[in-house]
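# Descriptive structure summary
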Amino acid sequence: MEPSSQATILIVCIIVDLVVFGAVVTGAVVTAVMWRKSSDRSRVSYYQPADSNDSAQSSGVSLMACKGDTLTQEP
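Quick caveat: nothing in here was measured; it's all calculated off a predicted structure. (Residues numbered from 1 in each chain as written. Predicted model: local features only at pLDDT ≥ 70, side-chain atom pairs only at ≥ 80, totals over all residues. Heavy atoms only, no water.)

## Some points on the overall build of the protein
Looking only at helices and strands, one finds one helix and two strands in the protein. Taken from N to C terminus, the helices and strands of the protein fall in the order α-β-β. Across the 75 residues in the protein, those meeting the buried criterion constitute 1%. Surface exposure of the protein reaches about 7200 Å², of which carbon and sulfur atoms provide 63%. (Helix = DSSP H or I, 4+ residues; strand = E, 2+ residues; numbered from the N terminus. Buried < 20%, exposed > 50% of the residue type's maximum accessible area, 1.4 Å probe, protein only. Areas by Shrake-Rupley, 256 points an atom, 1.4 Å probe, with all protein chains shown as cover.)

Given below as structure tokens:
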């Protein structure tokens, strides 16, 4: 016994609806993950501490005073 054409159309419509619904849910999940990753990246601090051997952090840094005198930081 062959199903009626109305039952076949109903089954096809249900299958198409499920496929479209799956695509929408998949797109929403992908969009949410991408948005979350981009918002996490925007919160990253670009501050990086100076290396321990950085010359600006060494004990022998010389600075120029306002009158041209040299200020030397002693260890």
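## Side note on a nonpolar patch on the surface
Among the surface-exposed residues, Val12, Val16, Val20 and Val24 lie close enough to one another that they form a single nonpolar patch of about 330 Å² accessible area. Structurally, the position occupied by Val24 is in helix α1 (residues 5-42). Overall, the relative accessible area of 53% leaves Val24 in the exposed class. (Patch = residues over 30% accessible without salt bridge, like charges linked within 9 Å, V, L, I, M, F, W, Y side chains within 5 Å. Salt bridge = Lys/Arg side-chain N within 4 Å of Asp/Glu carboxyl O.)

## Comments concerning the confidence of the model for the protein
In the predicted model, the protein carries a mean pLDDT of 75, and 49% of its residues have values of at least 70. The secondary-structure element of the protein with the lowest mean pLDDT is strand β1 (residues 62-64), recorded at 56, while α1 shows the highest, at 92. (pLDDT = per-residue confidence, 0-100.)

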